[in-house]
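Each chain, letter by letter, is given below.
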Amino acid sequence: MLTRSVFAAVFVTLTLCAAVCAAPIDWDHVHLVAPDTKVAAEWYQKLFGGEVTKSGPFDAVLFGTNLVKFRKGEGEVKRSEGSAVDHIGFSFDDIQAKLDAVTAAGGKVLQLPREVPSAGFTYSMAEDPWGTKIEILKDKDLLGFHHVHLISADPAATMKWYSEVYGGEITTFKGLAPLPSIKYNNMWLICNKSANAVVPSPGTSIDHIGFTPVDFKALIAALEAKGATFDTKPQKSGDHWMAFARGPEGIKIEIVGRPE
């Protein structure tokens with residue numbers, strides 16, 4: 001039987017989650033690390049399209065509504081493969097041509113194209129010159145910036161956490177059962193099981209991901225109620241609020257308040 005105090009805590013948590021999930025929470029960005037951020041932004045724009053821009057002090061590329069930011073790496077930066085944010089994905093009609101272009105631009109191919117007939121798509125793996133793993137696939141349903149791919153010891157629990165905190169309906173990408181996924185804006189957040197220990201994202205070439213809630217304070221309260229730890233507590237940054245929290249598997253997540 002629940003005690004009054006436990007019942008109250010559960011009620012508050014559920015109420016906060018319901019309030020947050022009822023309000024729109026937009027996917028905001030993925031933040032990569034490179035020694036020269038301007039060069040990195042131009043590399044991604046040349047290879048994958050989009051528009052080179054600035055996001056605050058950061059060089060960035062805007063792919064439709066999806067932002068890829070870059071910050072300067074300091075010290076040793078680990079490759080993204082095997083980290084909580086294992087890779088990012090782009091979708092194109094001609095995979096081989098894109099792999100050839102990546103190689104010519106100083107990247108490398110990790111896996112040649114493989115077809116998944118049951119799901120109706122083909123995929124390959126590459127890596128940029130600075131250690132970020134990139135899936136290049138052909139998904140006729142979504143071209144351009146396509147997804148951010150997480151790994152976890154328990155993908156179902158991880159995606160349940162994202163759905164409870166950031167909203168979105170859990171489904172399976174292309175009906176592939178081991179890949180619980182949520183579609184935010186015009187991109188996928190996908191997760192699959194890792195056979196090895198997962199490396200937290202900070203210190204790797206994919207440092208963090210970011211969301212923008214309508215109600216910044218409500219989202220912070222929901223994270224606190226779920227016991228999330230904060231690398232950077234909520235604070236004012238220019239005309240908006242921001243914070244950095246930790247999610248499952250040590251992933252760093254930036255919460256970006258909308259401009260006031």
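Please refer to the structure higher up on the page.
Remember, predicted model here, so these are calculated numbers, not experimental data. (Residues numbered from 1 in each chain as written. Predicted model: local features only at pLDDT ≥ 70, side-chain atom pairs only at ≥ 80, totals over all residues. Heavy atoms only, no water.)

Asker: Provide a residue-level description of the pattern of salt bridges, including the pertinent values.
Answerer: In this structure the tally under the stated criterion is 16 salt bridges. Taking the shortest distance from any N to any O, the salt bridge between Asp 59 and Lys 54 comes out at 3.1 Å. Close ionic contact of Arg 71 with Asp 207 constitutes a salt bridge, the shortest N to O distance being 3.3 Å. Here Asp 207 lies in strand E13 (residues 206-213) and Arg 71 lies in strand E4 (residues 66-72), a separation of 136 residues in the sequence. For Asp 207, a relative accessible area of 2% corresponds to the buried category. (Salt bridge = Lys/Arg side-chain N within 4 Å of Asp/Glu carboxyl O. Helix = DSSP H or I, 4+ residues; strand = E, 2+ residues; numbered from the N terminus. Buried < 20%, exposed > 50% of the residue type's maximum accessible area, 1.4 Å probe, protein only.)

Asker: Explain the sheet that holds strand E10 (residues 171-172) to me, using residue names and the numbers behind them.
Answerer: Read across the open sheet, the 8 strands follow the order E6-E7-E8-E5-E9-E12-E11-E10; overall the sheet is mixed. Edge positions in the open sheet fall to strand E6 (108-116) and E10, since each of these has one partner strand only. Pairing analysis gives 5 bridges linking strand E5 (residues 85-91) to strand E8 (residues 133-138), with the strands arranged parallel. The residue bridging Ser 91 from the neighbouring strand is Leu 137, located in E8. Helix H2 (residues 37-48) contacts E5 and E8 of the sheet and is inclined by roughly 15° relative to E8. (Pairing = 2+ DSSP bridges. Contact = heavy atoms within 4.5 Å. Axes fitted to C-alpha atoms, helices over the stretch in contact; angles between N-to-C directions.)

Asker: Explain the packing of H2 against helix H3 (residues 95-104) residue by residue, including any values.
Answerer: Closest axis-to-axis distance for the H2/H3 pair is 10 Å, and the angle between their directions is 150°. In terms of orientation, H2 lies roughly antiparallel with respect to H3. Between H2 and H3 lies a crossing whose hand is right-handed. Only Lys 98, Ala 101 and Val 102 of H3 make contact with H2, whose side of the interface consists of Trp 43, Leu 47 and Phe 48. In terms of residue class, the contact of H2 with H3 is made up of 5 nonpolar, no polar and 1 charged. (Parallel < 35°, antiparallel > 145°, perpendicular 65-115°, else oblique. Left-handed = near helix turned anticlockwise from the far one by under 90°. Nonpolar A, V, L, I, M, F, W, Y, C, P; charged D, E, K, R; others polar.)

Asker: So what's going on with the layout of surface pockets? Which residues, and what values?
Answerer: Empty space among the atoms can be located by rolling a probe the size of a water molecule over them. Empty space within the largest pocket amounts to approximately 420 Å³. Lining of the largest pocket is provided by 24 residues; of these, His 87, Met 125, His 149, Leu 179 and Asn 192 occupy positions nearest its centre. Sorting the residues of the lining of the largest pocket by element identifies E5, strand E7 (121-127), E8, strand E9 (144-152) and strand E12 (187-193) as the ones contributing at least two each. Its residues assigned to classes, the lining of the largest pocket comprises 13 nonpolar, 7 polar and 4 charged. When its volume is computed, the second largest pocket comes out at roughly 360 Å³. Lining the second largest pocket are 22 residues, and of these Ser 55, Lys 69, His 240, Glu 254 and Val 256 sit closest to its centre. (1 Å grid on protein atoms, 1.4 Å probe; cavity = no way out; pocket = protein on both sides within 12 Å on 5 of 7 lines; lining within 4 Å. Points joined across faces, edges and corners; volume = space filled by probe spheres on them.)

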